Amino acid sequence: MGEAVPRLDAARQREVVRALRAFLPERALLWREEDTRPYECDGLTAYRALPMVVALPETEAQVERILRTCSAMQVPVVPRGAGTGLSGGALPRPDAVLLSMAKFMRIRRLDPKARIAVVEPGVRNLAISEAAASWGLYYAPDPSSQIACTIGGNVAENSGGVHCLKYGLTVHNVLALRGFTMAGEPIALGSEALDSPGYDLLALAIGSEGLLVVVTEVTVKLLPKPQAARVVMASFDDVEKAGEAVAAVIAAGIVPAGLEMMDRPATRAAEDFVHAGYDTEAAAILLCEADGTPEEVEEEIARIEAVLKGAGATRLTVSRDEAERLRFWSGRKAAFPAVGRISPDYYCMDGTIPRKKLGEVLRFIGELEKKYGLRCPNVFHAGDGNLHPLILYDANDPEELRRTEQFAAEVLEKCVEVGGTITGEHGVGVEKIDQMCVQFGAEELETFHAIKRAFDPQGLLNPGKAVPTLARCAEYGRMHVRGGALPHPELPRF
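This write-up is about the structure you can find in this document. (Residues numbered from 1 in each chain as written. Predicted model: local features only at pLDDT ≥ 70, side-chain atom pairs only at ≥ 80, totals over all residues. Heavy atoms only, no water.)

Let's shift gears to unusual backbone geometry. Phi is positive for Gln 74, close to 60 degrees, though the residue is something other than glycine. Despite not being glycine, Asn 462 has its phi angle at roughly 50 degrees, a positive value. Assignment of secondary structure puts Asn 462 in the loop between α16 (442-455) and α17 (470-481). Residue Asn 462 is classed as buried on the basis of its relative accessible area, which comes to 1%. (Helix = DSSP H or I, 4+ residues; strand = E, 2+ residues; numbered from the N terminus. Buried < 20%, exposed > 50% of the residue type's maximum accessible area, 1.4 Å probe, protein only.)

Here we come to the packing of helix α13 (residues 358-372) against helix α14 (residues 398-417). Close contact between α13 and α14 brings their axes to 11 Å; oriented N to C, the two are set at 160 degrees. By the angle class used here, α13 and α14 are roughly antiparallel. Our pair here, α13 against α14, has a crossing hand that is right-handed. Facing α13, whose interface residues are Glu 360, Val 361, Phe 364, Ile 365, Leu 368, Glu 369, Lys 371 and Tyr 372, α14 presents Arg 403, Gln 406, Phe 407, Glu 410, Val 411 and Lys 414. In terms of residue class, the contact of α13 with α14 is made up of seven nonpolar, one polar and six charged. (Axes fitted to C-alpha atoms, helices over the stretch in contact; angles between N-to-C directions. Parallel < 35°, antiparallel > 145°, perpendicular 65-115°, else oblique. Left-handed = near helix turned anticlockwise from the far one by under 90°. Contact = heavy atoms within 4.5 Å. Nonpolar A, V, L, I, M, F, W, Y, C, P; charged D, E, K, R; others polar.)

Taken together, four strands build an open sheet; the order of strands is β1-β2-β4-β3 and the sheet is mixed. The open sheet is flanked by β1 (29-30) and β3 (77-80), the only strands paired with a single partner. The pairing of β3 with strand β4 (residues 97-100) spans four bridges and is parallel. Pairing of Pro 79 across the sheet is with Leu 99, part of β4. Each of β1, β2 (53-55) and β4 is contacted by helix α1 (residues 10-21), which is oriented at about 15 degrees to β2, the strand it contacts most. (Pairing = 2+ DSSP bridges.)

With that out of the way, let us pick up the sheet that holds strand β8 (residues 174-180). Pairing within the open sheet is antiparallel, and its five strands lie in the order β5-β6-β10-β8-β9. Each having just a single partner strand, β5 (107-111) and β9 (186-190) make up the two edges of the open sheet. Neighbour-to-neighbour, the strand axes of the sheet open up by a mean angle of 10 degrees, direction not taken into account. Note that β5 and strand β6 (residues 116-119) share four bridges and pair antiparallel.

Dropping the structure here:
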C-alpha cells in the first residue's frame, strides 16, 4: 500500500554527490554509511532509514544551491533540525538528500528595545532565553526538549511547552521567517511590525513540517520575565477528579502560566529520576503556576488553592522559593527520559481533546492498557487538553511494536471522536499520517495537497509526510471495515 520502498541507488548517489561537491566543502557532505547512520531517525526511533546523502550547509547561499540542484535533478530533500522531533518528520529516505540545518547556530540580532531576536534555525530554544536574560527578557515557548531542540524544528512543528496555556505556541511568538522554496526561490513571510500585508502565510508555514519551505532565519518575540512565579502542586486520589479540577480552574476565570497533569506511573518515574518532591501515592498530580507581580501571584495562588480544594485535592503544596518552583517543574520536563529508564522503549504520543473530556479519555487509555497488555504512563499539558500518553514497549519484539501502533491509533481516533485533534505540538510526520484520514475528509485533504503544490509543484520537499494520499486513506478505511489497523509497511522497523 502506498508508494514502494525507495532503495539506495549507488549510481544515483554518486551522481548527486558529484553535483553537490561542485560547491560544498568536503566537511559539508556525508554519504558513507558510517557517516549517515546517526541521521537514520528522529525521536521516533521505531522507524529508521539511511539517507542517500547528508548535506550540512553553512550559508544561505549553499542552502539555495542545494535546493536548486536537487530540484533540477528531481532529488527529494528532507529538512532536519536537531532530530528531537517525535513524529518521524525528519525520517530520511534512501533516495533523498537530508538537509541538516545544524550549523545555522547564530543569533543574528537581539533588540531589547523592540523585544525581538533574529536567529538562525539551528539555535537551541533555550539559548534564546539565555541570550536575552541580561535584559530581563525571555522566549516564552518552552518544550520539554528545549535544552536541545532548535527554533527551526519548533517552527516546523508549531511547538508549545508547559507555559503555552498563557503565552501561546510557536505561532503566537514568531513574527517573521525567511527561507527558500524547494526550487531555491527566496521567500520572506511576516514582519517585525504588528501586521504585514497580504494573506497570513506566516501562520501557514509555521507547523507545516518542512513541506513548504526551508527556513534560514526566524524573528521571535521576547517577553519581560515575570517579577515572581509560584507553583501549586495538588494531589488527587482519582485521575478523573484531577481532570475535572483542570476544567474547574479554567471555568473560574483563572489563566495559569502553566497547568500540567501527571498520573501516578509518570509521577513515580519522574520522582525516581530527578527527586522533584512529588507525591508518589497520589493517583494524579497537577502543577499549576501563577506569575506576574508579587501581589498578583499571591492573589492568584489563593484563588487556585480554593478551586483545587473544592475540586477534591487531597494535598496542596506551594513552592516556597524559585529553587523549589524549578524543582517542581524539573520532574514534568524530565518525564519522557524518566519513563525511558523503566522500559526498553516508549512511544510518545500527542493528541488534543476538550478539557472536559480528560476523565473519559483517561478511562479509555486504561482500558487499552488491558486490551493490549502494555503500560501507559500519562503526562498532559492539561490546561489546553494536550495529551502525551507514553506507551511502554520493547522494540526488539515486532509483535509489541504492532500492538503499540494499534494502541496509539485507537487513542488518536478517540481524540477525534470526543471533539479533539490528532496532534497538539508534535506534528503528523509519518506517525499519524493514517489518522489524518480520520480527522479530515477527502476534499480537505485535497486542499492540503493543493497548498503543497503551490509551494512545491514537484512534490520533492519532505515527501510522504503529514498529508496522506487519498489512495492511502481508502486503504485505511478498508482496514477499519475489517476491524484491523494499518501499520507502516514501507517503513523499516528496528
